[in-house]
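The chain contents come next:
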Amino acid sequence: MAEQEKQGTLCFFVNGRKVTEQHVDPETMLLSFLREKLRLTGTKYGCGGGGCGACTVMISRFQPGTRAILHFSANACLLPVCQLHGAAITTVEGIGSTKTRLHPVQERLARAHGSQCGFCSPGMVMSIYTLLRNKPQPYMADIIEALGGNLCRCTGYRPIVDGCRTFCQESTCCLGNVDGGCCMNGTGTEPELNDGPQLFNKKDFLPLDATQELIFPPELILMAETEPQRTQTFRGERMTWVSPVSLEELVQLKSSHPRAPLVMGNTSIGPEIKFKGLVHPVIISPTRVAELFEVTETPQGVWLGVGCSLSQVRCVLEGLVGRLPGERTELYQALVKQLSSLAGQQIRNVATLGGNIVSALPNSDLNPVLAAGRCRIRVTSEGGQREIPLDQDFFVGFRKTALRPEDVVVSVFLPETRKGELVRAYRQAPRKENALATVTTGMRVLIGVGSGVVQDLSIFYGGLGPTTVSATRTCALVVGRIWDEETLSQAYDLLLEELVLPPSVPGGKVEFRRSLTLSFLFRFYLEVHQVLTEEGVIQHQVPGPVRSAIRPLPSQIQPGLQKFQAVSEAQSPQDPVGRPMMHRSALSQATGEAVYCDDVPRIEGELFLVLVTSSRPHAKILEVDASSALQLPGVVDLVTWKDVPGKKVRTIERYEEELLAEKEVSCVGQLICAVVADSRAQAKQGAVAVKVRYEDLPDPVFTVEEAIERNSIFEPQRKIERGNVTEAFKTVDHIHEGQIRIGGQEHFYMETQSMLVVPVGEEAEYKVYVSSQAPTFTQDAVAETLDIPSNRVSCHVKRIGGAFGGKVTKTAILTCITAVAAWKTGRAVRCVLERGEDMLITGARHPVLGKYKVGFMEDGRIMAADFQYYANAGNTIDESLLVVEKILLHMDNAYSVPNLQGVAVACRTNLPSNTAFRGFGVPQSIMVVESMVTDVAAQLRRPTHEIRELNMYRGPSTTHYKMDFDPENLMRCWEHCKTVADHAARLRAVAQFNQQNRWKKRGMALVPIKYGIAFAEGFLNQAAALVHIYKDGSVLVSHGGTEMGQGLHTKILQVASRELQVPTSKIFISETSTSCVPNTCPSAASFGTDANGMAVKNACQTLYKRLEPIRKQDPKGSWENWTRKAFFDKISMSATGFHRGPDLHMDWGRMKGQPYAYFTYGACFTEVELDCLTGDYRALMTDLVMDIGRSINPSVDIGQIEGAFLQGLGLYTMEELPFSPRGELLARGPAQYKVPALCDLPLRLNVHLLPDSDNPHAIYSSKGIGEPVLFLGSSVFYAIKDAVAAARAESGLEGPFTLDSPATPERACLACATPFTQKVGPTCLSRLGKYILKEL
Ligand SMILES: Cc1cc2nc3c(=O)[nH]c(=O)nc-3n(C[C@H](O)[C@H](O)[C@H](O)COP(=O)(O)OP(=O)(O)OC[C@H]3O[C@@H](n4cnc5c(N)ncnc54)[C@H](O)[C@@H]3O)c2cc1C
Ligand code: FES
Ligand code: FES
């Protein structure tokens, strides 16, 4: 122990540079160390909990035993710095830069258009870089696996995959995905070639050259080989870290500190400390204790040291599976399967086997398999060594095991399987990968050789209670019986009786979870049956359609098409308009050089601000007590409503929203006050120490139903009507009523809300660096709050790491509070929300309840429709009124319904206030009309696309708000989509598939969109620009739009390049600044390029004209000569440009107007395959056809299309925002909120830009595209619904049915109404056992 008393010295390398630390706080993670101490800001914070991959770095370690160097990717946010002794860390800055040499991974990601906002790019780069260090010529499967733990909210992943694919040596075979056949042997569909113009040319790419990589520091090798191993101790303010080197010492330490956790991968303890605020005075880190890493093979099985990471475990098991006969490795195969989908690779690389077992997650993927597989652990303590079986007696409660506090687990024994023994593992999770399971299971059966009699059975489940549970009674029932249907049918009943889930069980999903227990057993039954049939023990085969239960969903991603029109041959080769061009910052983003708000270097004296939020949904504030907070070290001040010098509220319509609550709170998460301190950590501790006393107010309102009942709404309600709906209903053949709920959606921009307010100058001047889509809105809000004129506040937006509508109003409020703190303290103040705070505070997309009544004719014509929309606005009005207006404007989508009426209400509730989100109500609105059309088709028993087509606008048309338009391109998109998707053939193939498969169903949907572009509030359709040309010919462009990944600045460069006739390399856009261009409008409504592009064009034309005399004098002169001459001729080379956009309006009183400049049209076909037993699905193919006029930049536009599509897929099939009964948002990070990951990308995603489309209403005949495609993600929803309908037909259920959005696996599975779901549901239509008997 004497050794332990000494403070250790930590030595590691970062990007080849030695770092020596003697006083490390054990609470410091590598991410903050890199960003704050080393100022390496390329590694990003996205969630802090290992769930997003933005912080990925490569760790390299020398293994003295083998003299090998191990490279692995890891999440810096969960890596304690204290653990890094002897490691070499490589960050994105270490592998290449724009100043020296780009690394091929950085270059290819950028040039393949895989970087939009760029916030995820460094993490993506490092995941692939690490892969290539280990495997320079990977397979596609390796790439997919390496990126499984990295989230991107912008690109839709396709371009990232395509960039990385260039490192693979593979053909573009169809891989037998969709038709079951294969293009190589002529039985499948040959993938269409991506002929025509390409988005990038891989011949331009830098080659991968391993000799250029950083070498592992020789000093670390020497250190590992010669340095005596000593105990290391690091002391922080609240925590002491001890790292022993021998097992004996570890046992002693654990005995002296039985409550101290053993931190290995820190993936369980780390998030607990971070998110639950746990403080452990002592932490023991045994990562250097050799015994914990030993692997010993015996004739009976293998002993694995529990310190092995999950990746190492997988590697060892794969080795055994490869070497040993299959019958001996049944358990290992089942574990390998679980390990391949458990978390992301970065987590698997550090999380340990022992950590997984001991942290005893109720839904651990490994524990049920280990338990079913008769595994046991070896445990040691001062009392000696013992072995404990991993069975039901080991897992004793929620995250509790039978271990004693002083126990150290050393190794796990994994037995080989015997002849006749079969082991399987299954899991179902909210997302296919990188998501904790809803239910997970391990099952093992031993069948008498030749007899078919069950000699032993073991079934364990995770996710069915507080801990891993055993179905002991069910197993006992089956043992001694024949493995047949009769046995199985009895087992089901007992299983349900044995594994009870009370309705109030944490995590909910009771019916779903219970049905999964049955369907997993069914699947196990079939798999065992199949093996027994193959071995000749059982004579009768499982029929083909039933075997579909055990066939996995297709999963091979294929290259997609990106079809666009080449520019005309007459266009000058220098003119970049209409050609693909890489995002102008893509290279800086991929190298980590791009500066986001939180990357701005610290300013002298800077403070950090953390907010204190309400924990009550509706309450009076009795007291805010900050006395203890103010005593804490580093805490400087408290900011409350009293401190606001100017306007304390933001007013919209007649409703006021307080910046900081004064007397009352109306939702959990409402801002009450803020603590400013010298550091982030101190401000956070200060905020926790602020005590707020409340008096609860009665009856908070949470749902729209409660709001309607209590008349809790934001006025005015909007209504619109065309024709006479009441009369029309009297004349139709059929009337149908239905409803659909569309859940909300969290923006989940990868960069959380960030701002830095700096007081400058002597006359109350403030520089505001902010990640905002609306710099002027923020500037004005800050000025009003501080009671100073707007000319004292300048807002600067360099770039935004994703926004999607969520960085307008909420950002302004947060910036105002930060500005008050800067004003009060006279110091620079930074506020960067943590992911959980961001999700809690800033609201989401409005959830909507849509009700409809539709009247239609026998031939499918819809004659009348009556809609009611109830949007959950939350506690303040924000933009909710505009959202409900937009809902009404789009309620027709692509359909001409002669009699149409709708009302839309913004409901006021005690939930956090919802706000703008890409599509601004349209994705919710169109969902309702499409649900209605689907019901009509179901009622008439006709394919939905026929009803859609029959009712679509044709010829010169007028909307329900009396705006004339020509829908020709809508129909062109529709027809083109049918052709490219080979719709008729797919229809036949799907019908045939469904006939041949009982438990997998395919479904398809073809969905149109008509999307209005520009702001209905005419004054917002304006933009200004300022263009300077310097004497050296370089051009500086400023305009009012912000760059948030959508490629606006790139398109603007193309515009300026065409107008000035200079290459884009001469043009620069530094930032968006309210000092350069005043009175900017928000970058929103898909109108950024339309407005700002025209303003820049205007300014450039002015300047070009001014140069005309010089050009005429010297027509052969160079641009540089002309611009230099202009100076000497005293010609101003600075010009403003302005675009006065269309004067759009909507008169709600008269229910008519011209709220849009034009429409963007599109159509989308998607086919999915659904697993009816689990609700899991895979989008097999998607064909998108979009009319975006003449694209200014096809790579940027296709990027927007694909990104929006995947975001829509998330909205409609995955993303759920659960609230507690007290109105508290339960999803506070990627662990609970699942946005689409790479595993959700359709296996084949084709994008076609409609050729020969012109648009006289926008710059260069282009069209806005940022938002429209989001709705087309619903093609996946409706394809799932179609597959569900096929499954329901098997249970004899026909006609319309309700499927709410998102169609999560839970909803899809329950809607299938299989015998399994019916058995656990309120109605039990058939005896399950008999049903299966009948089928077999
Ligand atoms: C983003 C993310 C996704 C995840 N997804 C999944 C998933 O899909 N499926 C799944 O099953 N799990 C999942 N996990 C959980 C993960 O597998 C566990 O957190 C991990 O295995 C724990 O290992 P660790 O080494 O990080 O443990 P640590 O956090 O280092 O320690 C965990 C606990 O184990 C104890 N402990 C560790 N070693 C010993 C020992 N030798 N003797 C006694 N006690 C010991 C510690 O005292 C501590 O209490 C996920 C985790 C994250 C962060
Ligand atoms: S920030 Fe580390 S994984 Fe998200
Ligand atoms: S580019 Fe991936 S998150 Fe923006």
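Look up: the structure comes first, before these words.
Residues numbered from 1 in each chain as written. Chains lettered and ligands numbered in written order. Predicted model: local features only at pLDDT ≥ 70, side-chain atom pairs only at ≥ 80, totals over all residues. Heavy atoms only, no water.

Q: Lay out unusual backbone geometry with the relevant residues and their values.
A: With an omega dihedral of 0°, the bond running from Glu-715 to Pro-716 counts as a cis peptide bond. By the element assignment, Pro-716 lies in strand β29 (residues 713–722). A cis amide bond links Ser-1301 with the next residue in sequence, Pro-1302, at an omega value of 5°. Tracing the chain through its elements places Pro-1302 in the loop between α38 (1274–1290) and α39 (1305–1311). If you check the backbone angles, Phe-804 has positive phi at about 60° while not being a glycine. As for its placement among the helices and strands, Phe-804 is situated in the loop between β33 (793–797) and α26 (809–825). Here Phe-804 falls in the buried class, since its relative accessible area comes to 12%. (Helix = DSSP H or I, 4+ residues; strand = E, 2+ residues; numbered from the N terminus. Buried < 20%, exposed > 50% of the residue type's maximum accessible area, 1.4 Å probe, protein only.)

Q: Describe empty space enclosed by the protein, naming the residues involved and giving the relevant values.
A: What the rule picks out here adds up to 11 cavities of 30 Å³ or more. There is about 130 Å³ of room inside the largest cavity. If you go around the largest cavity, you meet 17 residues; those closest to its centre are His-113, Gln-116, Ser-1195, Val-1196 and Gly-1199. In terms of residues, the lining of the largest cavity owes the most to one element, helix α37 (residues 1194–1213), which gives six residues. Here the lining of the largest cavity is composed, by residue class, of five nonpolar, 10 polar and two charged. (1 Å grid on protein atoms, 1.4 Å probe; cavity = no way out; pocket = protein on both sides within 12 Å on 5 of 7 lines; lining within 4 Å. Points joined across faces, edges and corners; volume = space filled by probe spheres on them. Nonpolar A, V, L, I, M, F, W, Y, C, P; charged D, E, K, R; others polar.)

Q: Got a sec to walk through the site of ligand 1? Specific residues and values, please.
A: The immediate surroundings of ligand 1 are formed by 30 residues, with Met-264, Gly-265, Thr-267, Thr-352 and Asp-365 found nearest. Met-264 places a polar main-chain atom, nitrogen or oxygen, 2.6 Å from an oxygen atom of ligand 1. For ligand 1, an oxygen atom lies 2.8 Å from a polar atom in the backbone of Gly-265. In isolation ligand 1 has 980 Å² of accessible area, and contact with the protein removes 92% of it. Secondary-structure elements contributing two or more residues to the shell around ligand 1 are α14 (353–359) and β15 (408–415). Split into classes, the residues belonging to the shell around ligand 1 amount to 17 nonpolar, 10 polar and three charged. (Near = heavy atom within 4 Å. Polar contact = N/O pair within 3.5 Å; in protein donor to acceptor, adjacent residues only side chain to side chain. Areas by Shrake-Rupley, 256 points an atom, 1.4 Å probe, with all protein chains shown as cover.)

Q: Requested: an account of the environment of Ile-1188, with residues and values cited.
A: Structurally, Ile-1188 can be placed in the loop between β49 (1177–1187) and α37. Sequence separation between Ile-1188 and Lys-1263 is 75 residues, and the spatial gap between their C-alpha atoms is 4.7 Å. Excluding anything up to four places from it in sequence, Ile-1188 contacts Thr-1160, Asp-1197, Leu-1249, Ser-1261, Ser-1262, Lys-1263 and Ile-1265. (Contact = heavy atoms within 4.5 Å.)

Q: Any details on the pairing of strand β27 (residues 671–677)? Residues and values, ideally.
A: Within β27, seven of the seven residues are buried, which leaves it mostly tucked inside the rest of the structure. The pairing of strand β21 (residues 607–613) with β27 spans six bridges and is antiparallel. Note that in β27 the partner of Phe-608 across the bridge is Ala-677. (Pairing = 2+ DSSP bridges.)

Q: An account of the sheet that holds strand β23 (residues 635–639) is requested, with residue identities and associated values reported.
A: The strands making up a sheet are joined through hydrogen bonds of the backbone, oriented either antiparallel or parallel. If you walk across this open sheet you meet the eight strands as β23-β27-β21-β34-β31-β32-β33-β44, and the pairing is mixed. The open sheet terminates on both sides in strands that have one partner only, identified here as β23 and β44 (1072–1073). Relative to β27, β23 runs antiparallel, the two sharing four bridges. Counterpart to Leu-638 in the pairing with β27 is Val-675. Along the sheet, helix α22 (residues 680–689) makes contact with β21, β23, β27 and β34 (829–832), crossing β21 at roughly 25°. The strands touched by helix α25 (residues 775–786) within the sheet are β32 (765–770), β33 and β44, with β33 carrying the most contacts at an inclination of about 145°. (Axes fitted to C-alpha atoms, helices over the stretch in contact; angles between N-to-C directions.)

Q: Which residues make up the sheet that holds strand β35 (residues 848–856), and what are the values?
A: Strand order across the open sheet formed by five strands is β29-β37-β36-β35-β30, with mixed pairing between neighbours. With partners counted over all chains shown, the strands left at the sheet margins are β29 and β30 (734–742), one partner each. Averaged over all neighbouring strand pairs, the angle between strand axes comes to 10°, with direction disregarded.

Q: Please give an account of the packing of α37 against α38 that cites residues and values.
A: Contact pair α37 / α38: the axes reach a minimum separation of 7 Å and the direction vectors enclose 45°. When the interaxial angle is binned, α37 and α38 end up oblique. The segment α37 lies against α38, with Phe-1205, Leu-1209, Tyr-1212 and Thr-1213 engaging Ser-1274, Ser-1275, Val-1276, Phe-1277 and Ile-1280. Taken together, the residues that form the contact of α37 with α38 break down as six nonpolar, three polar and no charged. (Parallel < 35°, antiparallel > 145°, perpendicular 65-115°, else oblique.)

Q: I'd like a description of the pattern of salt bridges, backed by residues and values.
A: What the rule picks out here adds up to 78 salt bridges. Between Glu-606 and Arg-830 there is a salt bridge, and its shortest N-O distance comes to 2.5 Å. With Glu-606 in the loop between α20 (586–591) and β21 and Arg-830 in strand β34, this residue pair connects regions lying 224 residues apart in the sequence. For Glu-606, a relative accessible area of 2% corresponds to the buried category. (Salt bridge = Lys/Arg side-chain N within 4 Å of Asp/Glu carboxyl O.)

Q: Tell me about the environment of Ala-88, and please be specific about residues and values.
A: By the secondary structure assignment, Ala-88 is in strand β5 (residues 88–90). A relative accessible area of 8% places Ala-88 in the buried class. Between the C-alpha atom of Ala-88 and that of Ile-59, which follows or precedes it by 29 residues, the distance is 5.8 Å. Setting aside residues up to four positions removed in sequence, Ala-88 forms contacts with Phe-13, Met-58, Ile-59, Ser-60, Phe-216, Pro-217 and Leu-220.

Q: Describe the side chain of Gln-1200, naming the residues involved and giving the relevant values.
A: Here Gln-1200 shows up in helix α37. Apart from the residues within four sequence positions on either side, Gln-1200 is in contact with Gln-116, Arg-918, Gly-1045, Gln-1046, Ile-1265 and Gly-1266.

Q: Outline the pairing of strand β41 (residues 1022–1029), supporting the account with residue identities and numerical values.
A: Judged by how many residues are buried, β41 sits mostly within the fold: six of eight residues are covered. The pairing of β41 with strand β45 (residues 1134–1140) spans seven bridges and is classified as antiparallel. Note on β45: the bridge partner recorded for His-1028 is Ser-1134. Bridging between β41 and strand β42 (residues 1035–1039) involves five bridges; their strand directions are antiparallel. Across the sheet, residue Leu-1026 finds its bridge partner in β42, namely Ser-1038. In this structure, the hairpin formed by β41 and β42 is closed by a connection of five residues, where Gly-1033 is found at a positive phi of approximately 90°.

Q: Please give an account of helix α29 (residues 922–940) that cites residues and values.
A: Spanning 19 residues, α29 covers 27 Å between terminal C-alpha atoms, matching the ideal 27 Å at 1.5 Å per step. Buried residues dominate α29, accounting for 17 of its 19 residues. (Expected span 1.5 Å × (residues − 1).)

Q: Can you lay out the packing of aromatic side chains for me, pointing to particular residues and giving the numbers?
A: Per the counting criterion, the structure on display carries 23 aromatic pairs. When the centroid spacing of 4.9 Å and the interplanar angle of 90° are considered together, the rings of Phe-119 and Tyr-596 count as edge-to-face. Linking Phe-119 in the loop between α4 (104–111) and α5 (121–134) with Tyr-596 in the loop between α20 and β21, this pair joins segments that are 477 residues apart in sequence. Taking the relative accessible area as the measure of exposure, Phe-119 reaches 6% and is therefore buried. Note on Tyr-655 and Phe-714: the rings are 4.9 Å apart at their centroids and 90° apart in plane angle, and the pair reads as edge-to-face. (Phe/Tyr/Trp six-rings, centres within 6.5 Å; stacked < 30°, edge-to-face > 60°.)

Q: Explain the environment of Gly-850 to me, using residue names and the numbers behind them.
A: Relative to the helices and strands, Gly-850 is located in strand β35. Put simply, Gly-850 and Ile-740 are 110 residues apart on the chain and 5.3 Å apart in space, counted from C-alpha to C-alpha. Leave out the neighbours within four places in its chain, and Gly-850 touches Gly-738, Gln-739, Ile-740, Gln-868 and Val-928.

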